[in-house]
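# An overview of the molecular structure
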Amino acid sequence: MNITELKPELIWNIFDQITKVPRPSKKEEKIREFLLNFAKEHGIEVKTDAIGNVEMLKPAAPGHENAPVVILQGHMDMVCEKNNDVEHNFDTDPIQTIIEGEWVHANGTTLGADNGIGMAAALAVMVDKSIVCGPVKALFTVDEETGLTGAVNIGSDMLVGDILLNLDSEDEAQIFMGCAGGIDTTCTFTYKRSYSPEKYHYFKLECKGMQGGHSGSDIDKGRANANKVLTRFIWTMMQKYDVALSEINGGNLRNAIAREASAVFGVHTDNKEEIRVALNNYIADLEAEYKGVENFNISLESVEAPEYCIDTDTANALIRAMYACPHGVISMSRDIEGLVETSTNLASVKMLPDNQILVTTSQRSSVESRKYDIAQQVEAVFQLAGAKVTHGDGYPGWTPNVDSEILKIAIKAYEDLYNITPLTTAIHAGLECGYFKKIYPKLDMISFGPTLQNVHSPKERMHIPAVEKFWNHLVRILEMVAKA
């Protein structure tokens, strides 16, 4: 069965078209061309701004010209993650979708439902003539996943409206009225290459199989971080043996919990069997600690001695800092039960040219001062290790407004449809709404979407029944706004 056969056909057909268009962050040319061609094909008024955002306009149904202007907003780009054993070029290849029970997922890659389904819903509204609504705009921004670039640099005439419906949330029957702010902290080590010591046996340690996930919405699920798993073992070995570290790489994107990490290191040949025994004991400890949460795939293979290693002082400092660096939930919200307030993610470690090693981390908080506090704690750890530390510009949070009129309408719309009151809460993830509210404080905003799981990882999947509920809810909100 193809996803084009799912209901409602309109939104699934458009989503299917979107999956066929490559759209990595910062490479949105092809999806922008798709959007412009879509508008031309359907006779929709369309414009772009200097940064590459695209906005379409649907005129009001007769008699509703004076209704509030609603902006449907989503982002064009997707997180591009794949399993190591999968051949896929995100710059050229379409996403291969698979239906499994009540879920749609991709073939070993991210699905791109974040935020492809939001785009599909907005485009479906643009062409569905049966919806009785006021003026509606569809706004598609660039580079949300790696910098919120489209939101930061949005054209001055792209947010002219009264209500903004952000279609970039991942829990059906939930309406979000706020989000966390965030900041990146990067730490750079410069090392000297030293000849690998003689009479050493070298191993490649690979830590794979972890779930990973979104560093905001999944940070409270207690999942393992591959970078922490790797450095914990190497640090322990450094306490007992002289360890020569040659290579280390782990994680990928700043907003994803690391699923895989690896290192090449050596110990004196007299100690090589002790390393294997220690690793077996370590794996047993991990399986007990993460029982019911993770399934680890950790391997240790002998490799040829490398010509060079990282100098001992830098290697020790790097491993100590990564082991000591905080990761995960730092504090919970005192205002909204069950909401993470502050967290930090040890996202990646990469070896770069010119004898440099880059460690990337990201911090989030719904309290601005706590966001900077945890970023500074990470900075302090790596400063002690001798790294050069820098922070990104960060992005603002979105303060919840319990008196929002569109929030009240959205709650009533869901109750009318399904006789259930949806959960209203905030999300511990960055949404473009924070920037939009900062630029246009009078915009009345909410965020909602269908159920997605394991976003930002190859296990990303979307719940099929939730898509229909999401679509029905969106249409009902538009109709109620027009009639109000």
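The structure under discussion appears in the preceding block.
Residues numbered from 1 in each chain as written. Predicted model: local features only at pLDDT ≥ 70, side-chain atom pairs only at ≥ 80, totals over all residues. Heavy atoms only, no water.

### Digging into the packing of aromatic side chains
If you walk through the whole model with that rule in mind, you get eleven aromatic pairs. Seen in terms of ring centroids, Trp12 and Phe15 are 6.0 Å apart; in terms of plane orientation they differ by 85 degrees. Their pairing is edge-to-face. With Trp12 and Phe15 both in helix 1 (residues 9-19) and three residues apart, the pair spans about one turn of that helix. Summarising the burial analysis for this pair, Trp12 and Phe15 share the class buried. Ring centres 4.9 Å apart and planes at 40 degrees place the aromatic pair Trp235 and Tyr323 in the tilted group. Of the two residues, Trp235 is situated in helix 5 (residues 226-238) and Tyr323 in helix 7 (residues 312-324); the sequence distance between them amounts to 88 residues. Under the relative-accessibility criterion, Tyr323 is labelled partly exposed at 31%. A cation over an aromatic ring shows up here: Arg461 above the ring of Trp103, its NZ or CZ 3.7 Å from the ring centre. The ring of Tyr418 has Lys469 lying over it, and the distance from NZ or CZ to the ring centre is 5.2 Å. (Phe/Tyr/Trp six-rings, centres within 6.5 Å; stacked < 30°, edge-to-face > 60°. Helix = DSSP H or I, 4+ residues; strand = E, 2+ residues; numbered from the N terminus. Buried < 20%, exposed > 50% of the residue type's maximum accessible area, 1.4 Å probe, protein only. Lys NZ or Arg CZ within 6 Å of the ring centre and 35° of its normal.)

### As for the layout of surface pockets
Put simply, the largest pocket is a space of about 450 Å³. Every residue lining the largest pocket is counted, 23 residues in all, and those nearest its centre are Asp171, Gln174, Ser217, Asp220 and Lys221. Mapped by element, the contributors of at least two residues to the lining of the largest pocket are strand 8 (174-179), strand 22 (423-427) and strand 24 (452-453). Counting residues per element, the lining of the largest pocket draws most heavily on strand 22, which supplies four residues. Split by residue class, the lining of the largest pocket holds eight nonpolar, eight polar and seven charged. (1 Å grid on protein atoms, 1.4 Å probe; cavity = no way out; pocket = protein on both sides within 12 Å on 5 of 7 lines; lining within 4 Å. Points joined across faces, edges and corners; volume = space filled by probe spheres on them. Nonpolar A, V, L, I, M, F, W, Y, C, P; charged D, E, K, R; others polar.)

### Description of the pattern of salt bridges
Should the charged atoms of two oppositely charged side chains come close, the side chains can pair. One pass over the full model with this rule turns up 20 salt bridges. Among the salt bridges present, the one from Lys137 reaches Glu55, with a minimum N-O distance of 4.0 Å. One end of the pair, Lys137, is in strand 6 (residues 136-141); the other, Glu55, is in strand 2 (residues 54-58), with 82 residues separating them in the sequence. Looking at Glu55, the relative accessible area reads 3%, which means it is buried. In this structure, Glu81 engages Arg259 in a salt bridge whose closest nitrogen and oxygen atoms are separated by 3.4 Å. Of the two residues, Glu81 is situated in the loop between strand 3 (70-75) and strand 4 (97-100) and Arg259 in the loop between strand 14 (256-257) and strand 15 (261-268); the sequence distance between them amounts to 178 residues. (Salt bridge = Lys/Arg side-chain N within 4 Å of Asp/Glu carboxyl O.)

### Focus on the nonpolar core
Counting 67 residues, the largest nonpolar core has Trp12, Met56, Leu72, Leu165 and Leu474 as its most contacted members. Trp12 has contacts with Ile3, Leu6, Lys7, Val104, Met462, Ile464 and Val467, leaving out every residue within four places of it along the chain. In this structure, Leu286, Val378, Ala385 and Val389 belong to the second largest nonpolar core, which totals 50 residues. (Core = buried A, V, L, I, M, F, W, Y, C linked by side-chain atoms within 4.5 Å. Contact = heavy atoms within 4.5 Å.)

### A few points about the pairing of strand 7 (residues 163-166)
Across the two faces of strand 7 the burial is the same, with Ile163 and Leu165 and Leu164 and Asn166 all buried. The sheet contact formed by strand 3 and strand 7 spans four bridges and is parallel. Considered in strand 7, the bridge of Ile71 is made with Leu164. Across four bridges, the pairing between strand 7 and strand 23 (residues 444-447) is parallel. Pairing of Ile163 across the sheet is with Asp444, part of strand 23. (Pairing = 2+ DSSP bridges.)

### Digging into helix 9 (residues 405-418)
Over its 14 residues, helix 9 extends 20 Å from the first C-alpha to the last, a length consistent with the 20 Å expected when each residue adds 1.5 Å. Along helix 9, the positions that sit buried rather than exposed are Ile406, Leu407, Ile409, Ala410, Ile411, Ala413 and Tyr414. Here helix 9 starts with a cap whose side-chain oxygen sits 3.4 Å from the backbone nitrogen of Ile406, and that cap is Ser404. Looking one or two residues beyond helix 9, the residue adopting positive phi is Asn419, at roughly 55 degrees. (Expected span 1.5 Å × (residues − 1). Polar contact = N/O pair within 3.5 Å; in protein donor to acceptor, adjacent residues only side chain to side chain.)

### Looking at empty space enclosed by the protein
Here the structure, examined in full by the defined rule, presents three cavities of 30 Å³ or more. Taken as a whole, the largest cavity encloses approximately 170 Å³ of empty space. Glu144, Glu145, His214, Ala429 and Gly430 are, among the 18 residues lining the largest cavity, the residues nearest its centre. Grouping the amino acids of the lining of the largest cavity by side-chain chemistry returns five nonpolar, six polar and seven charged. Roughly 70 Å³ of internal volume is contained in the second largest cavity. What lines the second largest cavity is Asp171, Glu172, Ala173, Gln174, Ile175, Tyr414, Pro422, Phe448, Gly449, Lys469, Phe470 and His473. Going through the elements one at a time, strand 8 and helix 11 (464-483) are the ones with two or more residues in the lining of the second largest cavity. Broken down by element, the residue count for the lining of the second largest cavity peaks at three residues, all from helix 11. Each residue belonging to the lining of the second largest cavity can be placed in one class, and the counts come to six nonpolar, three polar and three charged.

### Some points on the sheet that holds strand 4
Within a beta sheet, neighbouring strands are joined by backbone hydrogen bonds and run either parallel or antiparallel to one another. Reading across the sheet, the four strands line up as 4-5-25-24 and stay open at both edges, with antiparallel pairing between neighbours. Two strands in the sheet have a free side with no partner beyond their single neighbour: strand 4 and strand 24. As defined by bridge partners, strand 4 adjoins strand 5 (residues 103-106) across four bridges and the pair is classed as antiparallel. Its bridge partner being in strand 5, Thr97 is matched across the sheet by Ala106. Relative to strand 25 (residues 461-463), helix 11 is tilted by about 60 degrees, and along the sheet it contacts strand 4, strand 5 and strand 25. (Axes fitted to C-alpha atoms, helices over the stretch in contact; angles between N-to-C directions.)

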